[in-house]
Every structure is written in structure tokens, then in C-alpha cells.
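Chain by chain, the residues:
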Amino acid sequence: MPSAVDPLQLDTGTLALFVGQAAAALVQEQLAAQGFGDLRFSHGYVFQHLIDGEPTVGELAAQLGMTQQGASKAVAELERFGYCERVAGAADARIRRVRLTGRGREAVAAARRARADVDERLARRFGE
């Protein structure tokens with residue numbers, strides 16, 4: 001059986017990594033409990049670019065620093081789950097833009113509430 005890790009013996013980067021992973025796990029649990037169990041941590045990177053914009057898949061790929069094929073795959077998965085959709089561009093209907101659906105916006109709101117809950121729990125335990 002492995003021994004317990006003493007947080008006081010960890011360097012700042014490792015401690016921050018562990019705290020971040022634990023916080024992300026709590027958020028994932030809350031999202032799943034609210035009906036968003038199909039979301040993964042990595043989906044958050046895509047969501048960040050859809051909150052205030054409607055990029056093309058190519059623009060999204062550039063923003064994420066990935067291939068267009070990878071971005072298209074991520075968008076297709078989120079479309080299948082009902083979180084985003086591809087729509088005709090306002091200026092040029094041939095251009096397809098990606099935007100959050102109502103379910104996608106609900107997931108964003110739920111994630112924000114879950115992160116705020118984690119912050120509140122930490123503040124209660126350790127102070128501001």
C-alpha cells in the first residue's frame with residue numbers, strides 16, 4: 001500500500017497540478033449529476049472558443065493549435081451530444097460556423113456553477 005503524500009513536501013507546480021486535477025474531477029462529478037456526463041475535460045477547450053464566437057472549423061483549429069481534422073472531429077462529437085451545431089455564416093451562407101446550442105449554453109452555466117461551488121468549499125475550509 002503506498003504511503004500518503006505530504007503536501008508540504010511537494011513543489012509548487014506539482015501541488016498546483018494535483019489541486020487542479022482534484023478540482024476538475026469535482027466539476028466533472030457535478031456536471032455528470034446534472035445530466036452532462038458525456039462531457040470530458042478536453043471539451044472545455046472547444047467550449048471556450050464558442051462562448052463568445054462562432055468560428056469556422058478552420059478558425060477553431062488555429063485557435064486550439066491543432067489540425068483542422070482534429071477540430072472537425074471534436075466538433076462532430078459535440079454536435080452528436082447536442083452541445084454545438086454548424087450553421088450558415090451570416091455574410092456567406094457557404095461558410096459553416098460552429099456555435100453552442102441551448103444545451104451547450106446550459107452546460108457552460110452548469111460548469112460555472114460547479115467551479116464556483118468548488119471555490120466556495122475551499123474558501124470555507126481555508127479562508128479567502
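A quick note: this is a predicted structure, and the numbers were derived from the prediction, not measured. (Residues numbered from 1 in each chain as written. Predicted model: local features only at pLDDT ≥ 70, side-chain atom pairs only at ≥ 80, totals over all residues. Heavy atoms only, no water.)

Draft legend 1. Broad picture of the overall build of the chain. When its secondary structure is counted, the chain shows five helices and two strands. Along the chain, helices (α) and strands (β) appear in the sequence α-α-α-α-β-β-α when read from the amino end. For the chain, whose C-alpha radius of gyration is 18 Å, the value lies well above the compact-globule estimate of 14 Å for 128 residues. Here the C-alpha coordinates of the chain stretch approximately 60 × 30 × 30 Å along the principal axes. (Helix = DSSP H or I, 4+ residues; strand = E, 2+ residues; numbered from the N terminus. Rg over C-alpha atoms; globule rule 2.2 N^0.38 Å.)

Draft legend 2. Representation of the packing of aromatic side chains in the model. Scanning the model with the defined rule gives four aromatic pairs in all. Aromatic pair Phe36 and Tyr83: ring centres 6.2 Å apart, planes at 45 degrees, arrangement tilted. With Phe36 in the loop between α1 (12–33) and α2 (43–50) and Tyr83 in the loop between α4 (68–81) and β1 (84–88), this pair connects stretches of sequence that are 47 residues apart. Here Phe36 falls in the buried class, since its relative accessible area comes to 6%. Overall, the relative accessible area of 0% leaves Tyr83 in the buried class. Joined through ring pairs, the aromatic side chains of Phe36, Phe47, Phe81 and Tyr83 make up one cluster. (Phe/Tyr/Trp six-rings, centres within 6.5 Å; stacked < 30°, edge-to-face > 60°. Buried < 20%, exposed > 50% of the residue type's maximum accessible area, 1.4 Å probe, protein only.)

Draft legend 3. Geometry of the packing of helix α3 (residues 57–64) against α4. One way to put it is that α3 packs onto α4 with a least axis distance of 8 Å and a crossing angle of 110 degrees. Here α3 is positioned roughly perpendicular relative to α4, judged by the angle of their axes. Where α3 abuts α4, its residues Val57, Gly58, Leu60 and Ala61 lie against Gln68, Ala71, Ser72 and Val75. Counted by class, the contact of α3 with α4 contains five nonpolar, three polar and no charged residues. (Axes fitted to C-alpha atoms, helices over the stretch in contact; angles between N-to-C directions. Parallel < 35°, antiparallel > 145°, perpendicular 65-115°, else oblique. Contact = heavy atoms within 4.5 Å. Nonpolar A, V, L, I, M, F, W, Y, C, P; charged D, E, K, R; others polar.)

Draft legend 4. Quick look at the side chain of Thr56. Within the secondary structure, Thr56 sits in the loop between α2 and α3. Among residues more than four places away in sequence, those in contact with Thr56 are Ile95, Arg96 and Arg97.

Draft legend 5. The arrangement of α1 in detail. The end-to-end C-alpha distance of α1 is 32 Å, a good match for the 32 Å that 22 residues give at a rise of 1.5 Å each. Among all positions in α1, only Ala24, Val27, Gln30 and Leu31 are buried. Angularly, the buried residues of α1 cover 120 degrees about the axis, an arc narrow enough to put them on a single face. Exposed and oriented more than 90 degrees from the buried face of α1 are Glu29 and Ala33. Against the buried residues of α1 lie α5 (102–126). Measuring from the side-chain oxygen of the N-cap residue of α1 to the backbone nitrogen of Gly13 gives 3.2 Å; that N-cap residue is Asp11. Looking one or two residues beyond α1, the residue adopting positive phi is Gly35, at roughly 95 degrees. (Expected span 1.5 Å × (residues − 1). Arc of directions from axis to C-beta. Polar contact = N/O pair within 3.5 Å; in protein donor to acceptor, adjacent residues only side chain to side chain.)

Note that every value here comes from positions in space, so none of it alone points to a role or purpose.
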